[in-house]
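# Structural overview for review
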Amino acid sequence: MESLVAATSASLPRAAFSPSSSSRTPSVLRAVVPGSGNAAARGVRCAAAKDSVFYELEHDEMFNSAEVFQWESGKSINAIAAAQGIRIRRLCRPRYPSEGTGADRAVPRNILEQIIWDKEVEVSQRKAKKPLQKVIEAAQHAPPPRDFVGALDTAHRRNGVPALIAEVKKASPSRGVLREHFNPVEIAQSYQKNGAACLSILTDEKHFQGSFENMETVRNSGVKCPLLCKEFVIDIWQIYYARSKGADAVLLIAAVLPDLDIKYMLRICRNLGMTALIEVHDERELDRVLKIDGVQLIGINNRSLETFEVDTANTTMLLERRGDIIRNKGILVGESGLFTPEDVSYVHNAGVSAVLVGESLLTRDDPGRAIAGLFGKELLR
Ligand SMILES: O=P(O)(O)OC[C@@H](O)[C@@H](O)c1c[nH]c2ccccc12
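Residues numbered from 1 in each chain as written. Predicted model: local features only at pLDDT ≥ 70, side-chain atom pairs only at ≥ 80, totals over all residues.

As annotated in an unreviewed UniProt entry, the chain carries the name indole-3-glycerol-phosphate synthase and comes from Eragrostis curvula. UniProt, in its Catalytic activity (unreviewed entry) section for the chain, records the words "1-(2-carboxyphenylamino)-1-deoxy-D-ribulose 5-phosphate + H(+) = (1S,2R)-1-C-(indol-3-yl)glycerol 3-phosphate + CO2 + H2O". According to its UniProt record, the chain has this under Pathway (unreviewed entry): "Amino-acid biosynthesis; L-tryptophan biosynthesis; L-tryptophan from chorismate: step 4/5." (UniProt positions renumbered as here; feature names shortened; annotations may be inferred.)

### Things to note about the site of the ligand
Lining the immediate environment of the ligand, one finds 14 residues, of which Glu335, Ser336, Leu356, Gly358 and Glu359 sit closest. When contributions to the shell around the ligand are tallied by element, the ones reaching two or more residues are β13 (354-357) and α14 (359-362). For the shell around the ligand, the residue count by class is 3 nonpolar, 5 polar and 6 charged. (Near = placed C-beta within 6 Å. Helix = DSSP H or I, 4+ residues; strand = E, 2+ residues; numbered from the N terminus. Nonpolar A, V, L, I, M, F, W, Y, C, P; charged D, E, K, R; others polar.)

### A closer look at unusual backbone geometry
A positive phi angle, close to 55°, is found at Gln209, a residue other than glycine. Looking at the secondary structure, you find Gln209 in the loop between β7 (198-202) and α8 (212-220). For Gln209, a count of 18 C-beta atoms within 10 Å corresponds to the partly exposed category. (Buried ≥ 20, exposed ≤ 12 C-beta atoms within 10 Å, placed from the backbone.)

### With respect to the packing of helix α5 (residues 132-140) against helix α9 (residues 236-244)
Two numbers describe how α5 lies on α9: the axes approach to 8 Å, and their chain directions differ by 35°. As for the relative orientation of α5 and α9, their crossing is left-handed in sense. Mapping the contact onto sequence places Leu132, Val135, Ile136, Ala138 and Ala139 in α5 and Trp237, Tyr240, Tyr241, Arg243 and Ser244 in α9. Partitioned by chemical class, the residues of the contact of α5 with α9 number 8 nonpolar, 1 polar and 1 charged. (Axes fitted to C-alpha atoms, helices over the stretch in contact; angles between N-to-C directions. Left-handed = near helix turned anticlockwise from the far one by under 90°. Contact = placed C-beta atoms within 7 Å.)

### Section: the pairing of strand β4 (residues 163-168)
With 6 of 6 residues buried, β4 is to be regarded as a mostly interior element. Along β4, one buried face is formed by Ala163, Ile165 and Glu167 and the opposite face, lined by Leu164, Ala166 and Val168, is buried too. By the bridge criterion, 4 bridges tie β4 to β13 in an arrangement that is parallel. In the sheet register, Ala166 faces β13, and the bridge partner there is Val357. In this sheet, β7 lies alongside β4 in parallel orientation, the contact comprising 4 bridges. The partner of Ala166 across the bridge, within β7, is Leu199. (Pairing = 2+ DSSP bridges.)

### A short note on the nonpolar core
Within the largest apolar cluster, 101 residues are counted, with the highest numbers of intra-cluster contacts made by Ile165, Leu199, Leu228, Val250, Met265, Val333 and Val355. Considering each element in turn, this core owes the most residues, 8 residues, to helix α10 (residues 259-272). Sequence-distant contacts of Ile165, that is, excluding residues within four places in its chain, are made with Ala197, Cys198, Leu199, Ser200, Leu228, Val333, Ala354, Val355 and Leu356. (Core = buried A, V, L, I, M, F, W, Y, C linked by C-beta atoms within 7 Å.)

### Considering the UniProt feature "domain: Indole-3-glycerol phosphate synthase" (unreviewed entry) in the chain
The sites that carry the UniProt feature "domain: Indole-3-glycerol phosphate synthase" (unreviewed entry) are, in the present numbering, residues 112-372. The straight-line gap between the two end C-alpha atoms of residues 112-372 is 32 Å; of that span, 47% is helix and 17% is strand.

### Focus on the sheet that holds β7
The sheet built from 8 strands closes into a barrel, its strands ordered β4-β7-β8-β9-β10-β11-β12-β13 with parallel pairing. Averaged over all pairs of adjacent strands, the angle between their axes in this sheet comes to 25°, without regard to strand direction. Across the face of the sheet, helix α7 (residues 184-193) comes into contact with β4 and β7 while running at roughly 170° to β4.

Shown next as structure tokens:
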């Protein structure tokens, strides 16, 4: 796996950003061959890049000088992340002498850290099989992206209750297998028929028994709802891959990604016509995300991914404290642990206009028909 710093922790594609390659390619960064002169003049050196590729920043309002300084500071991604309050450490990162020998890193501190370490290995293996450039090309041939935010907005207005993002998830580390007989297409069709605005498809295999194949089969089954790729994104490769499998949105977890990665990934999503759902769990994460331009969807997870504790009061608490700023930002999504119409109206009253629900639907015989029970009424499409 490439080991770059700051924004480059998301693994920059080497030539993916050449402005001439396509009108759809991002203009954020342009890969420049070392020694090509102009790179050295205006470019930023990714000190940790194995092959010393230079990347040139181009007419980009997103990266200000403070951020470039951050790149050049020589700090490791873990040090930068820690300064932002991120507790999840990366394993496949360059180590700096100040970070010790690494012996203290052998044991993950919590389940989220374990998932991320596994994900780093998985992504590097997948990239070895299918390099970024190939995935970018595949993404260009995917079915056109659907309007995730628009679908939530319309459903919320139509029904007067939060729009539903219904989750297609076989298992989770906190709950084990939720559904023995698991047919993603059947579940997705039933959700759609019963008024879900959008669907969330788990793609992590190791901890959630999901897959990108599930994403692809649901997309090809005729289901019209926009699809969220529920993945632990640590690398832009995964975003292009998700798009190539038909995803319309991706999850970005603030507990895992430093600010610069979020900004960079948001930019890639925008260029691909995708939506990013940025997930926060606490005030510090929320404050970081509120400072980032271009965020359209913020998810407040009632479950801590580090401890698995679920508390629906989390949404209310965060929104009480930051409500006014956050409501002007875009759509808010209440995530996890919602089981009853009271739970849904509790988070609705707190200010969310969409909810993300898995377990309480998936554990019922017919997950789609369970929707009316969750909202206390049938949802119209
Ligand atoms: O099954 P629940 O409690 O209704 O939760 C759904 C969803 O919020 C949860 O699956 C989730 C929220 N954020 C995540 C990040 C990764 C994996 C899963 C999740």
